[in-house]
Amino acid sequence: LRPPRRRSDDDSPPPPPPPIDIITLNTAVNACARARDARRAFGVLHATLRARPSLRPNLITFTSLVHACRRDRRAADGRRAYAAYKLSAEAGVRPDAEFLAELRAVAAAVESGEGRAAWRAALADAEARAKSEAEVEADGKSTLTEPFRDGIEAATARENAQFEMLLGGAANAAALADFTGRGKS
């Protein structure tokens, strides 16, 4: 077979690759996790950060990294997952329930005494960081929707009133309650 001939009007250089963003990074790291390849997941992270130093990995990035470590049998000692955890702490990423579940799963799989002690300390720290974030959110100081809460509630009330009018008022209040979830006990 002969290679295809290039047309003379196709001598322009190929277009540049699309810019790497956090979604691309997270997708690539997650693909490595699905392939059970923690080494490649770390490689993707480091190569991306070299190419785009301003890009900041987020909770999804670190959860996928720990997930890759948990699934990769070669990383069974937990060192790579511990490194992912430390990177997340240095980046100031607050753990959520899924991240903590991944950390707990890795910690449960670590068999060496030295590794287990390090994991106990890491889990205690992660749970404290997650708890402190939950307490701040409970105080209503850092939730993303807090500034919009009144507007959201007002819009919901308007939509419910319009829906009730469409259904025929009080005669269909039960249908409205079922539709909005208020009729469930």
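Residues numbered from 1 in each chain as written. Predicted model: local features only at pLDDT ≥ 70, side-chain atom pairs only at ≥ 80, totals over all residues. Heavy atoms only, no water.

Draft legend 1. Broad picture of the confidence of the model for the chain. Taken residue by residue, the chain gives an average pLDDT of 75. The fraction at 70 or more is 61%. Element-level mean pLDDT values for the chain span from 55 in helix α8 (residues 173-180) up to 93 in helix α1 (residues 22-34). (pLDDT = per-residue confidence, 0-100. Helix = DSSP H or I, 4+ residues; strand = E, 2+ residues; numbered from the N terminus.)

Draft legend 2. Structural view of the environment of V29. On the secondary structure map, V29 appears in helix α1. Assessed through its relative accessible area of 0%, V29 is described here as buried. Taking the C-alpha atoms as reference, V29 lies 8.1 Å from R40; in sequence the two are 11 residues apart. Residue contacts for V29: discarding those within four places in its chain leaves A41, V44, T61, S64 and L65. (Buried < 20%, exposed > 50% of the residue type's maximum accessible area, 1.4 Å probe, protein only. Contact = heavy atoms within 4.5 Å.)

Draft legend 3. Structural detail: helix α3 (residues 59-71). In this model α3 runs 18 Å from its N-terminal to its C-terminal C-alpha over 13 residues, within 8% of the 18 Å that 1.5 Å per residue would give. Taken as a whole, α3 has its buried residues at T61, F62, T63, S64, L65, V66, H67, A68 and C69. Against the buried residues of α3 lie α1, α2 (38-51), α4 (79-90) and α5 (97-109). Capping of α3 at its N-terminal end is provided by N58; its side-chain oxygen lies 3.1 Å from the backbone amide nitrogen of I60. (Expected span 1.5 Å × (residues − 1). Polar contact = N/O pair within 3.5 Å; in protein donor to acceptor, adjacent residues only side chain to side chain.)

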